Amino acid sequence: MISALISAVSSAGGLIVDKVTLSRRSVPLKIFIPVVFTFLFVFTLIFTPLYGYIDRSTALLPNNLFLLLLMIVIAIAWNVLAYQSLQRESVHQHEVILMTGPIVTILLAALFFQEEFNLTIFVLGLIASLAMLVARTEKHHFKLDKIAYNLFLAVILMSIENIIIRELLYSYSPISLYAVRTFFLALFFWFYYCPKVSEIGKSPLWLLGLSGAIGALSMVTRFYAFGTLGVIFTTLISTLAPIIVFIGSWEILHERIRPRVIVASLVILVCVAVATVLTNQL
């Protein structure tokens with residue numbers, strides 16, 4: 001439970017830091033992405049000798065090697081699609097489409113992991129995810145173009161990756177799995193964007209490093225939560241992150257919060273509270 005909460009809080013903090021880095025400090029994506037993924041890998045690697053392990057007897061099986069390769073390919077694909085969308089779409093519409101992710105993840109988890117399926121928690125997860133989506137959706141967001149469709153594809157791929165990650169956690173510790181993932185993604189993005197060292201030197205490296213540190217904490221704790229709590233309950237708790245983002249955007253970025261956002265936040269809090277009580281009773 002604690003790992004899922006840490007993941008939700010750090011995810012929200014990371015989004016706020018990324019907003020400041022990309023908008024207030026105007027760091028270009030070709031610098032931001034490869035540098036942040038490098039920091040993600042470095043911060044994860046530091047703790048890998050202490051907390052990492054790989055069960056080679058199962059990790060080297062052909063099906064698990066295939067799943068590992070598939071995870072890396074899918075992670076690269078959805079990250080490229082998502083960041084291309086962030087370049088060309090408004091930030092608001094980008095965030096709204098990404099908020100469909102928990103719904104897709106919960107539906108896929110219910111299909112593939114029936115051993116962790118609980119109807120009440122499943123319904124609460126869907127309600128919280130829908131509340132989060134409704135809170136940020138405007139009429140003009142339903143006008144979809146090619147970029148928006150690509151982002152929907154990214155959301156589906158992201159959800160599929162979560163299912164693969166849950167399966168690979170039987171062979172890898174969360175830190176080891178994330179270290180492997182970020183290594184290959186950082187390598188890919190350095191070759192894909194080819195950032196110049198001189199441009200990197202002019203960027204706020206402390207902000208990029210902070211984004212990497214928070215991102216590593218968020219993702220590793222999410223992996224731990226997937227392994228201990230299951231995908232559905234972890235995804236339900238992750239819906240708390242937008243509430244923190246709304247508060248942070250209001251306090252730090254001075255964005256206006258609408259009444260329906262407050263109502264949706266209360267709905268999400270109730271869903272998480274009820275699901276937590278039910279889980280503790282099981």
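Rules and cut-offs
- Residues numbered from 1 in each chain as written.
- Predicted model: local features only at pLDDT ≥ 70, side-chain atom pairs only at ≥ 80, totals over all residues.
- Heavy atoms only, no water.
- Helix = DSSP H or I, 4+ residues; strand = E, 2+ residues; numbered from the N terminus.
- Buried < 20%, exposed > 50% of the residue type's maximum accessible area, 1.4 Å probe, protein only.
- Contact = heavy atoms within 4.5 Å.
- Areas by Shrake-Rupley, 256 points an atom, 1.4 Å probe, with all protein chains shown as cover.
- Salt bridge = Lys/Arg side-chain N within 4 Å of Asp/Glu carboxyl O.
- Axes fitted to C-alpha atoms, helices over the stretch in contact; angles between N-to-C directions.
- Parallel < 35°, antiparallel > 145°, perpendicular 65-115°, else oblique.
- Left-handed = near helix turned anticlockwise from the far one by under 90°.
- Nonpolar A, V, L, I, M, F, W, Y, C, P; charged D, E, K, R; others polar.
- Phe/Tyr/Trp six-rings, centres within 6.5 Å; stacked < 30°, edge-to-face > 60°.
- Expected span 1.5 Å × (residues − 1).
- pLDDT = per-residue confidence, 0-100.
- Patch = residues over 30% accessible without salt bridge, like charges linked within 9 Å, V, L, I, M, F, W, Y side chains within 5 Å.

Draft legend 1. Highlighting the overall build of the protein chain. Summing up its helical and strand segments, the protein chain has 14 helices and zero strands in all. Counting from the amino terminus, the protein chain carries its helices and strands in the arrangement α-α-α-α-α-α-α-α-α-α-α-α-α-α. Every one of the 282 residues in the protein chain was classed for burial, and the buried ones make up 53%. Looking at the protein chain alone, contacts between residues at least 24 apart form 90% of all its contacts between residues at least 6 apart. Of the roughly 13,700 Å² of accessible surface on the protein chain, a fraction of 72% belongs to carbon and sulfur atoms.

Draft legend 2. Local environment of the pattern of salt bridges. Scanning all chains against the criterion turns up two salt bridges. Among the salt bridges present, the one from Lys30 reaches Glu199, with a minimum N-O distance of 3.6 Å. In this pair, Lys30 sits in helix α2 (residues 29-51) while Glu199 sits in helix α10 (residues 197-201), placing the two residues 169 residues apart along the sequence. Of the residues examined, Glu199 reaches a relative accessible area of 28% and is grouped as partly exposed. The salt bridge involving Glu161 is made with Arg181; its shortest N-O contact spans 2.5 Å. With Glu161 in helix α8 (residues 146-168) and Arg181 in helix α9 (residues 174-193), this pair connects stretches of sequence that are 20 residues apart.

Draft legend 3. Spotlight on the packing of α2 against α9. Between α2 and α9, whose axes approach to 8 Å, the crossing angle comes to 155 degrees. One way to sum up the angle between α2 and α9 is to call them roughly antiparallel. In terms of crossing hand, the pair formed by α2 and α9 is left-handed. Across from Lys30, Ile33, Pro34, Phe37, Thr38, Leu40, Phe41, Thr44, Phe47, Thr48 and Tyr51 in α2, the residues of α9 making contact are Ile175, Ser176, Tyr178, Ala179, Thr182, Phe183, Leu185, Ala186, Phe189, Trp190 and Tyr193. Within the contact of α2 with α9, the residues separate by chemical class into 16 nonpolar, five polar and one charged.

Draft legend 4. View of the environment of Pro195. Here Pro195 shows up in the loop between α9 and α10. The spatial distance from the C-alpha of Pro195 to the C-alpha of Lys30 is 6.2 Å, given a sequence separation of 165 residues. Residues contacting Pro195, with those up to four places away along its chain left out, are Lys30, Ile31, Pro34, Trp190 and Ile200.

Draft legend 5. Up close: the packing of α9 against helix α11 (residues 205-229). The N-to-C vectors of α9 and α11 enclose an angle of 130 degrees; their axes lie 9 Å apart at closest approach. Between α9 and α11, the interaxial angle falls into the category oblique. Both α9 and α11 take part in a crossing whose hand is right-handed. Contacts from Pro174, Ile175, Leu177, Tyr178 and Arg181 in α9 reach Gly215, Ala216, Met219, Val220, Phe223 and Tyr224 in α11. A class-by-class count of the residues in the contact of α9 with α11 yields nine nonpolar, one polar and one charged.

Draft legend 6. Structural view of the packing of aromatic side chains. The final tally for this structure, using the stated rule, is nine aromatic pairs. Considering the side-chain rings of Phe39 and Phe43, the 6.0 Å spacing of their centres and the 20 degrees angle between planes classify their relative orientation as stacked. Of this pair, Phe39 and Phe43 both sit in helix α2, four residues apart, roughly one helical turn. The exposure class assigned to Phe39 is partly exposed, which follows from its relative accessible area of 24%.

Draft legend 7. Just α11, in detail. Across its 25 residues, α11 extends 35 Å between first and last C-alpha, which sits within 8% of the 36 Å expected from 1.5 Å per residue. Trailing α11 by a residue or two, Gly230 shows a phi angle of about 95 degrees, which is positive.

Draft legend 8. Structural view of the confidence of the model for the protein chain. Here the protein chain averages 82 in pLDDT, while 84% of its residues score no lower than 70. Across the protein chain, the secondary-structure element scoring lowest on mean pLDDT is helix α5 (residues 91-98), at 62, and the one scoring highest is α9, at 94.

Draft legend 9. Examining a nonpolar patch on the surface more closely. Where nonpolar side chains cluster on the molecular surface, the patch consists of Val42, Ile46, Phe47, Leu50, Tyr51 and Tyr224 and spans about 610 Å² of accessible area. Per element, the largest residue contribution to the nonpolar patch is five residues, and it comes from α2. Take Tyr51: it is sitting in helix α2.

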